[in-house]
Amino acid sequence: MSKAAPDRPRRRITAQFYKTEAGNEPVREWLRGLRKEERQAIGTDIRTTEYGWPIGMPTCKGLGGGLYEVRTTLEDRIARVIFCMIADQMVLLHGFIKKTEQTSKADLDTARDRKKKLEARLREIEKKQKQKARTPK
């Protein structure tokens, strides 16, 4: 008789990088500019969020308006990745090194703008799919 494999934890949500209209991935590009150990620490916190969603402090914090942040304490500084939820997708909108106690207006505005653009693209796709479904063959 063989032993059953132990239940592995499953991702509750999946992280995806936000893509601009031009196909760039700003968070991935930002991560590439960090040291390997920093990328790994941020990746671990994103993975913790994927497996533990909904998760609270100290790893994740709601910012309001459908935005959340993954909080990573690095050796000598603090990193944040702001994301939104689209269905079961965690869309990574903006990453930055925190310089003040509060998240700057500019960083929040960047994330809000990307979220609006993403939602507009998704509405456009949905609209096209509905039109296509109504078109007789």
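Our subject is the structure that appears above.
Quantities reported herein were computed from a predicted structural model and do not represent experimental measurements.

Caption draft 1: Local environment of the sheet that holds strand β3 (residues 67-73). Read from one edge to the other, the open sheet built from five strands follows the order β1-β5-β4-β3-β2, with strand pairing classed as mixed. The sheet is open, and its two edges are formed by β1 (14-17) and β2 (60-64), each paired on a single side. On average, adjacent strands in this sheet sit at an angle of 35 degrees to one another, irrespective of strand direction. Relative to the sheet, helix α2 (residues 36-52) contacts β1, β2, β3, β4 (78-86) and β5 (89-98), its axis offset from that of β3 by approximately 135 degrees.

Caption draft 2: Looking closely at the pattern of salt bridges. A complete count under the given rule lists 15 salt bridges for this structure. A salt bridge links D76 to R77, with the nearest nitrogen and oxygen atoms 4.0 Å apart. We classify D76 as exposed; its relative accessible area is 54%. According to the relative accessible area criterion, R77 is partly exposed, its value standing at 29%. Across the pair E126 and K130 runs a salt bridge, and its minimum N-O distance is 3.5 Å. Linking E126 with K130, this pair stays in helix α3 (residues 105-134), spanning four residues, or about one helical turn. For E126, a relative accessible area of 44% corresponds to the partly exposed category. For K130, a relative accessible area of 44% puts it in the partly exposed group. Several salt bridges share partner residues, and in doing so they unite R35, E37, E38, D76 and R77 into one network.

Caption draft 3: Expanded view of the environment of W53. Mapped onto the secondary structure, W53 falls in the loop between α2 and β2. The spatial distance from the C-alpha of W53 to the C-alpha of I13 is 6.9 Å, given a sequence separation of 40 residues. Contacts of W53, omitting those with residues within four sequence positions, involve R12, I13, C60, Y68, F83 and M85.

Caption draft 4: Examining the packing of aromatic side chains more closely. Scanning the entire structure with this criterion turns up three aromatic pairs. Here the aromatic rings of W53 and Y68 are separated by 5.1 Å at their centres, their planes lie at 90 degrees, and the arrangement is edge-to-face. Taken together, the residues W53 in the loop between α2 and β2 and Y68 in strand β3 connect sequence positions 15 residues apart. On the basis of relative accessibility, which here comes to 27%, the residue Y68 falls in the partly exposed class. When the centroid spacing of 5.7 Å and the interplanar angle of 70 degrees are considered together, the rings of W53 and F83 count as edge-to-face. In this pair, W53 sits in the loop between α2 and β2 while F83 sits in strand β4, placing the two residues 30 residues apart along the sequence. According to the relative accessible area criterion, W53 is buried, its value standing at 15%. For F83, a relative accessible area of 0% puts it in the buried group.

Criteria and thresholds
- Residues numbered from 1 in each chain as written.
- Predicted model: local features only at pLDDT ≥ 70, side-chain atom pairs only at ≥ 80, totals over all residues.
- Heavy atoms only, no water.
- Pairing = 2+ DSSP bridges.
- Helix = DSSP H or I, 4+ residues; strand = E, 2+ residues; numbered from the N terminus.
- Axes fitted to C-alpha atoms, helices over the stretch in contact; angles between N-to-C directions.
- Contact = heavy atoms within 4.5 Å.
- Salt bridge = Lys/Arg side-chain N within 4 Å of Asp/Glu carboxyl O.
- Buried < 20%, exposed > 50% of the residue type's maximum accessible area, 1.4 Å probe, protein only.
- Phe/Tyr/Trp six-rings, centres within 6.5 Å; stacked < 30°, edge-to-face > 60°.

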